[in-house]
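Overview (structure and organization)
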Amino acid sequence: MTRVVVAVVSTLLGLLALGGCATAPTVSAPSDQVIALLLPESKTARYEAVDRPQFEKVVADRCPDCTVIYANANQDAAAQQQQAESALTQGAGVLVLDAVDAAAAVSIVGQAHRRGVPVIAYDRFIQDADLDYYVSFDSRRIGRLQGEALVRELAAGRTGPDDPPQGVLMVNGSATDPNSAALEAGVADAFEGAAVEVLAEYDTPDWSPDKAQEWVTGQLTQYAGRVDAVYAANDGTAGGSISAMKAAGLDPVPPVTGQDAELAAIQRIVTGDQSMTVYKAISEQARTAAELAVRVVHGEVPVTTSRVQGVPALLLSPVPVTLDDVRRVIVDGGVYTTEEICVQPYTDACTAAGLLDAGTS
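Residues numbered from 1 in each chain as written. Predicted model: local features only at pLDDT ≥ 70, side-chain atom pairs only at ≥ 80, totals over all residues. Heavy atoms only, no water.

**Comments concerning the pairing of strand β11 (residues 227–232)**
Put simply, the rule is: With a 1.4 Å probe rolled over the protein chains alone, any residue whose accessible area is under 20% of its type maximum counts as buried; one over 50% counts as exposed, and the rest are partly exposed. Put simply, DSSP marks the helices as runs of H or I at least four residues long and the strands as runs of E at least two long, and each gets a number from the N terminus on. Strands pair, by our definition, only if DSSP identifies at least two bridges between them.
In terms of burial, β11 is largely enclosed, as five of its six residues are buried. Direction of pairing for strand β9 (residues 166–172) relative to β11: parallel, over a ladder of five bridges. Residue pairing across strands places Val168 opposite Ala229, the latter belonging to β11.

This is how it looks when you write it as structure tokens:
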């Protein structure tokens, strides 16, 4: 049976004071039966709800004698460094690392390699690090899908070619997440040549919905009457942005993008508060990373489908989701059931969207 070890970061940094003496912890050699999964934060629902359990399940199926060392850094780069050190000390034979801060994570990769331990970058690429593998989605493609959705929404509201450009607030992801820059580049690709004016941009610390809400609130005052849409990099920042606009009395809420297809976002799409999200098969991503980790820890050289800056990579395809796609992509695809989506107060909206029969609401 696969064992799961949850790493606890000690403020003693691995030194135990016993009777006035400090004893260094035992350092285990890298093991072909120990896999470390290091995730960045828990504010985004996916990590604890999907990534971790799916990863652990596949490892249990593929390698029943393996141990998974699991740690979540709660958006603290220093804590993640300590968690990585702890995992290596416990004999991790491979690190699957979703970096809090890509720049800080370079040292984690270097430390692992000095012990002969390969590193799989998970979800977030780590620039300037000698990575062994990368498992993620094409973030620039996601940004383009988001930007194209906004351009279509805004074009539908234009009356003619002489209309002035429409104003967009850009609620980007965290500046420490390399995916954020790729998302922004994709949005810029989509906006090129469109009658869109970016009013202001914000790099959301820790992808925090509360920070996004606070910033959008201020921008609505500064650009009163000029905000025609909001680019939100993920569903959490979308939720914060929508809360700000509702509090400001905007009805209906201007088009807002998202990413991750969180349940709350799907419900907002059904009610018309959020215009779209991007579904990433996160469970498939976690399963792919786990399968790769088992093969790598056993010394295999797996075949990959692409390369990112020279790093062998497995990139999965994102899918845009609007109201018209909820049934096909989300319900029929087994992401959420109508029973999960269509709870009160969403039953009437679900009926109007054709997700429920009139008699069931």
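**Re the pairing of strand β5 (residues 67–72)**
Keep this limit in mind: For the handedness criterion, the strands are oriented away from the viewer, and a crossover whose path from the first strand over the helix to the second runs clockwise is classed as right-handed.
Of all six residues in β5, six are buried, a share of seventy percent or more. Taken together, the six bridges between strand β4 (residues 34–39) and β5 define a ladder with parallel strand orientation. The partner of Val34 across the bridge, within β5, is Thr67. Each parallel crossover has a hand, and the one from β4 via helix α1 (residues 46–62) to β5 is right-handed.

**Considering the side chain of Asn179**
Heads up, the rule is: Any N or O atom pair separated by 3.5 Å or less is treated as a polar contact, with the protein-specific requirement of one donor-capable and one acceptor-capable atom, and with residues adjacent in sequence counted only for side-chain atom pairs. The contact definition used throughout considers only heavy atoms, calling two residues in contact when any of these lie within 4.5 Å.
Within the secondary structure, Asn179 is located in helix α5 (residues 178–191). Taking the relative accessible area as the measure of exposure, Asn179 reaches 9% and is therefore buried. Of the polar contacts made by the side chain of Asn179, one reaches the backbone oxygen of Asp123; its length is 2.7 Å. Aside from chain neighbours lying at most four places away, what touches Asn179 is Asp123, Arg124, Phe125, Tyr134 and Ser139.

**Overview of the packing of aromatic side chains**
Just so we agree on the cut-off: Pairing of aromatic rings covers Phe, Tyr and Trp, the last through its six-membered ring, and needs centres within 6.5 Å; plane angles under 30 degrees mean stacked, over 60 mean edge-to-face, and all others mean tilted.
Throughout the structure, instances matching the rule amount to two aromatic pairs. Ring geometry for Phe125 against Tyr134: centres 5.0 Å apart, planes inclined by 75°, an arrangement best described as edge-to-face. Of the two residues examined, Phe125 and Tyr134, each falls in the buried class. Relative to Trp215, the ring of Tyr202 has its centre 5.1 Å away and its plane inclined at 5°; by these criteria the two rings are stacked. Of this pair, Tyr202 sits in strand β10 (residues 196–203) while Trp215 is found in helix α6 (residues 209–222), placing the two residues 13 residues apart along the sequence. Here Tyr202 matches Trp215 in class, with each residue buried.

**Regarding the nonpolar core**
What counts is decided by this rule: Only buried Ala, Val, Leu, Ile, Met, Phe, Trp, Tyr and Cys residues count toward a nonpolar core, and they belong to the same one when joined by side-chain atoms within 4.5 Å.
Residues Ile35, Phe55, Ile120 and Val168 are the most contacted members of the largest nonpolar core, which totals 44 residues. Broken down by element, the residue count for this core peaks at eight residues, all from helix α9 (residues 282–297). If near-sequence neighbours (up to four positions away) are discounted, Ile120 is found in contact with Val94, Leu95, Val96, Leu97, Tyr133, Val135, Leu292, Ala293 and Val296. Ranked by size, the runner-up nonpolar core spans 27 residues in total, among them Ala87, Ala105, Ala112 and Leu131.

**Quick notes on empty space enclosed by the protein**
Put simply, the rule reads: Only protein atoms enter the calculation, which uses a 1 Å grid: trapped sets of points that fit a 1.4 Å probe without letting it out are cavities, open sets showing protein on both sides within 12 Å along at least five of seven lines are pockets, and any residue with an atom within 4 Å of a point is a lining residue. Grid points are joined across faces, edges and corners, and a volume is the space filled by probe spheres set on the points. Charged means Asp, Glu, Lys or Arg here, nonpolar means Ala, Val, Leu, Ile, Met, Phe, Trp, Tyr, Cys or Pro, and polar covers whatever is left, Gly included.
Enumeration according to the criterion identifies one cavity of 30 Å³ or more in this entry. What the largest cavity holds in volume is close to 180 Å³. Lining the largest cavity are 18 residues, with Asp123, Asp177, Trp207, Gln259 and Lys280 sitting closest to its centre. Only α1, β8 (133–137), α4 (139–156) and α5 provide two or more residues apiece to the lining of the largest cavity. A breakdown of the residues in the lining of the largest cavity according to their chemical character gives five nonpolar, six polar and seven charged.

**Re α1**
Under the convention used in this document: The length a helix should cover is 1.5 Å for every residue beyond the first.
With 17 residues, α1 should reach 24 Å at 1.5 Å per residue; the first-to-last C-alpha distance of 23 Å fits that figure. Residues Arg46, Tyr47, Asp51, Arg52, Phe55, Glu56, Val58 and Val59 constitute the buried set of α1.

**Topic: the packing of α1 against α9**
Put simply, the rule is: Angles here are taken between N-to-C directions and fall from 0 to 180 degrees, while the axes themselves are lines fitted to C-alpha atoms, restricted in helices to the stretch in contact. Throughout, the term roughly parallel applies to angles under 35 degrees, roughly antiparallel to angles over 145, roughly perpendicular to angles from 65 to 115, and oblique to all others. Helix crossings fall into two classes, left-handed where the near helix is turned counterclockwise from the far one by less than a right angle and right-handed where it is turned clockwise.
α9 packs onto α1 with a crossing angle of 40° between their chain directions and a minimal axis gap of 8 Å. Considered as vectors, α1 and α9 are oriented oblique to each other. Relative to α9, the crossing made by α1 is right-handed. Every residue of α9 that contacts α1 at Arg46, Val50, Asp51, Gln54, Phe55, Val58, Val59 and Arg62 is listed here: Ile282, Ser283, Gln285, Ala286, Arg287, Ala289, Ala290, Glu291, Ala293 and Val294. Looking at the contact of α1 with α9, its residues break down into ten nonpolar, three polar and five charged.

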